[in-house]
Amino acid sequence: MAYRWKNTLTPADVTPEHMWLNRRALMKGMMGTAALGSIGGAAFGQDEELVPNSFEDITSYNNFYEFGTGKGDPARNAHTLVTDGWEIVIDGLVDNPGTFSVAQLTDGLTEEERIYRFRCVEAWSMIVPWNGFELKDILEKAGVQSGAKYVAFETANRPEQMPGVRRQTLNWPYREGLRLDEAMHPLTMMATGIYGKPMPNQNGAPIRLVVPWKYGFKSIKSIVRITLTDEEPFTSWNDANAREYGFYSNVNPQVDHPRWSQASERVIGGGLFAKRIPTLMLNGYENEVAGLYADKPLNDYF
Ligand code: MTE
C-alpha cells in the first residue's frame, strides 16, 4: 500500500492493529499526566498525529438506516447483506459505462490506508483507518466526459436483506452526490476496508464513499451505482429535510444545525475520558479543500 497524505498518515501504516490498540490504551492511561506529547502527540490537532478509534468502536456504533435507526442496529442486522458477486454500475456522462465487480472497478489502482477524522452531523466523531482507493482514479478509468459537473451515488435497495428499507424512514434507495471537483479531490476515497480488513457490512461493505471534510451522511455506504451528470443530484437527507441537511454539508463549526450546535463534537470510545472537543473548520482539512469553496461564503457551506 502507498501513503500519500502528510496530514493523514501516521506510523499506523506499518503497525498492526493490536499495536494500535495497545498504544491507544497506553495513551488513555496517560491522559491527565503531562507525558502525552512524549509518546507521539495528541490525537486531534490539525497537523497532529491522529490516533484511530478501535475496530470495536468503529464497527459497533453506526448509522446505516437500511438496517435500522439505532446505533447498534447495523452491527446486529447487517450480516444479512449479501456482498458476494457485488456489482457497481457506472453510467451517465462517461466514455466507458458498464457494470463492474469491485475487483474490476479497482483493478490496476493503488490501494492506500488513510487515517481520517470522521465527523457525523449528529456531533459525534471518530478517527478511522480506512483502506481503499482514490475516487478520482476510478472516475478517470471510467472516462469522465466534459459535460459532467456532478457525481451521483446510490446504495443497494434490498428489502429482503435490509430490514430498515421495509419502512419509509428515507426515500430509498439512499442517494448522495458530490460536485465533480469534490469527487476528484485526492482526499475523496472509495473505501473497501478498515484496519486492513475487508469492510464490515455495518460500515458499508463492500465499497463506500469517504469524504472526510463533509458530515458523515455524505459518505454513502454499499454503493451499487455511480452516475456522472450535469445536474445537482437528488440526495436522501436533503430530500428528507432540506432545511437541516444541505447538498454541501461541509463540516463547519460556525454554522449550527437548526436543532443543535456544531461548534464541538463528542468523541466516541472515550470511555472514562469521554469528552467534547472543538470541531475544526472543514473537519481539519481546511488547508487541503478550502480552495474548492473560494467563491462561497462560509455560511453557504451547509
Ligand atoms: N449510507 C447509507 N446507505 N445509509 C445510511 O444510513 N448513514 C450515513 C453514512 N452513510 C448512511 C450511509 C451517516 S449519517 C453516517 S454518520 C455514516 O454513514 C456512518 O458511517 P459509519 O457507520 O461507518 O461510522
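This one's a predicted model, so the numbers in the text were calculated from it and none came from an experiment. (Residues numbered from 1 in each chain as written. Predicted model: local features only at pLDDT ≥ 70, side-chain atom pairs only at ≥ 80, totals over all residues. Heavy atoms only, no water.)

Concerning the confidence of the model for the protein
Moving on, step 1. Mean pLDDT over the protein: 87, with 83% of residues reaching 70 or higher.
Moving on, step 2. With pLDDT under 50 throughout, residues 1–16 is counted as low confidence; its partners more than four residues away or in other chains account for 47 contacts.
Moving on, step 3. Across residues 18–46, confidence stays below pLDDT 50; counting only partners more than four residues off in sequence or on other chains, it has 58 contacts. (pLDDT = per-residue confidence, 0-100. Contact = heavy atoms within 4.5 Å.)

Quick word on the site of the ligand
Moving on, step 1. Taken together, 17 residues lie around the ligand, and N62, Y65, E66, R208 and K221 are the ones closest in.
Moving on, step 2. Between N62 and the ligand, the recorded distance is 2.8 Å, taken from a side-chain N or O atom to an oxygen atom.
Moving on, step 3. Separating a nitrogen atom of the ligand from a backbone N or O atom of S219 is a distance of 2.9 Å.
Moving on, step 4. Here the ligand, which alone exposes 530 Å², has 97% of that area covered by the protein.
Moving on, step 5. The cavity where the ligand resides is the largest pocket.
Moving on, step 6. Its residues placed into classes, the shell around the ligand shows 8 nonpolar, 6 polar and 3 charged. (Near = heavy atom within 4 Å. Polar contact = N/O pair within 3.5 Å; in protein donor to acceptor, adjacent residues only side chain to side chain. Areas by Shrake-Rupley, 256 points an atom, 1.4 Å probe, with all protein chains shown as cover. 1 Å grid on protein atoms, 1.4 Å probe; cavity = no way out; pocket = protein on both sides within 12 Å on 5 of 7 lines; lining within 4 Å. Sits in = over half its atoms within 2 Å of the grid points. Nonpolar A, V, L, I, M, F, W, Y, C, P; charged D, E, K, R; others polar.)

Re empty space enclosed by the protein
Moving on, step 1. As enumerated under the stated definition, the model contains 1 cavity of 30 Å³ or more in all.
Moving on, step 2. Quantified by volume, the largest cavity comes out at close to 40 Å³.
Moving on, step 3. Around the largest cavity sit 10 residues that line it, and R117, S125, M126, I127 and E265 are the ones nearest its centre.
Moving on, step 4. Elements with a contribution of two residues or more to the lining of the largest cavity: β3 (112–119) and β4 (124–134).
Moving on, step 5. Taken together, the residues of the lining of the largest cavity break down into 5 nonpolar, 2 polar and 3 charged. (Points joined across faces, edges and corners; volume = space filled by probe spheres on them. Helix = DSSP H or I, 4+ residues; strand = E, 2+ residues; numbered from the N terminus.)

Topic: the pairing of strand β6 (residues 175–179)
Successive side chains on a regular strand alternate, one facing one side of the sheet and the next facing the other.
Moving on, step 1. With 5 of 5 residues buried, β6 is to be regarded as a mostly interior element.
Moving on, step 2. Burial along β6 is two-sided: the residues R175, G177 and R179 and E176 and L178 are all buried.
Moving on, step 3. With 5 bridges connecting them, strand β5 (residues 150–155) and β6 associate as antiparallel partners. Across the sheet, residue A152 finds its bridge partner in β6, namely G177. (Buried < 20%, exposed > 50% of the residue type's maximum accessible area, 1.4 Å probe, protein only. Pairing = 2+ DSSP bridges.)

Description of the sheet that holds strand β1 (residues 88–92)
Moving on, step 1. Here we have 5 strands laid out as an open sheet, ordered β2-β1-β10-β5-β6, and mixed in their pairing. The open sheet is flanked by β2 (98–100) and β6, the only strands paired with a single partner. Here the strands of the sheet are splayed against their neighbours by 20° on average, with no regard to which way each runs. (Axes fitted to C-alpha atoms, helices over the stretch in contact; angles between N-to-C directions.)

Notes on unusual backbone geometry
Moving on, step 1. Residue P173 follows W172 across a cis peptide bond; omega there is -5°.
Moving on, step 2. With respect to the element layout, P173 can be found in the loop between β5 and β6.
Moving on, step 3. A positive phi angle is found at Y195, which is not glycine, with a value near 55°.
Moving on, step 4. Tracing the sequence through the fold places Y195 in the loop between β7 (189–194) and β8 (197–198).
Moving on, step 5. Assessed through its relative accessible area of 11%, Y195 is described here as buried.
Moving on, step 6. Positive phi, normally seen in glycine, also occurs at S249, with a value near 50°.
Moving on, step 7. Note on placement: S249 falls in the loop between α7 (236–240) and β11 (264–267).
Moving on, step 8. With a relative accessible area of 0%, S249 lands in the buried category.

Things to note about the nonpolar core
Nonpolar side chains in soluble globular proteins tend to be buried together.
Moving on, step 1. Counting 76 residues, the largest nonpolar core has W130, F153, L209, W213 and I226 as its most contacted members.
Moving on, step 2. Examining the composition of this core, we find that 6 residues originate from one element, β4, more than from any other.
Moving on, step 3. Look past the residues within four positions of I226 in its chain and what remains in contact with it is I88, V89, I90, D91, L139, V151, A152, F153 and M190. (Core = buried A, V, L, I, M, F, W, Y, C linked by side-chain atoms within 4.5 Å.)

Some words on the pattern of salt bridges
Moving on, step 1. In total, this model carries 11 salt bridges according to the counting rule given.
Moving on, step 2. In this structure, R225 engages D91 in a salt bridge whose closest nitrogen and oxygen atoms are separated by 2.2 Å. With R225 in strand β10 (residues 223–229) and D91 in strand β1, this pair connects stretches of sequence that are 134 residues apart.
Moving on, step 3. Linking K218 and E176 is a salt bridge whose minimum nitrogen-to-oxygen distance equals 2.7 Å. Of the two residues, K218 sits in the loop between β9 (208–210) and β10 while E176 sits in strand β6, which places them 42 residues apart along the sequence. For the pair shown, K218 and E176 are each scored as buried.
Moving on, step 4. Salt bridges sharing partners connect three or more residues here, namely E112, R114 and E134. (Salt bridge = Lys/Arg side-chain N within 4 Å of Asp/Glu carboxyl O.)

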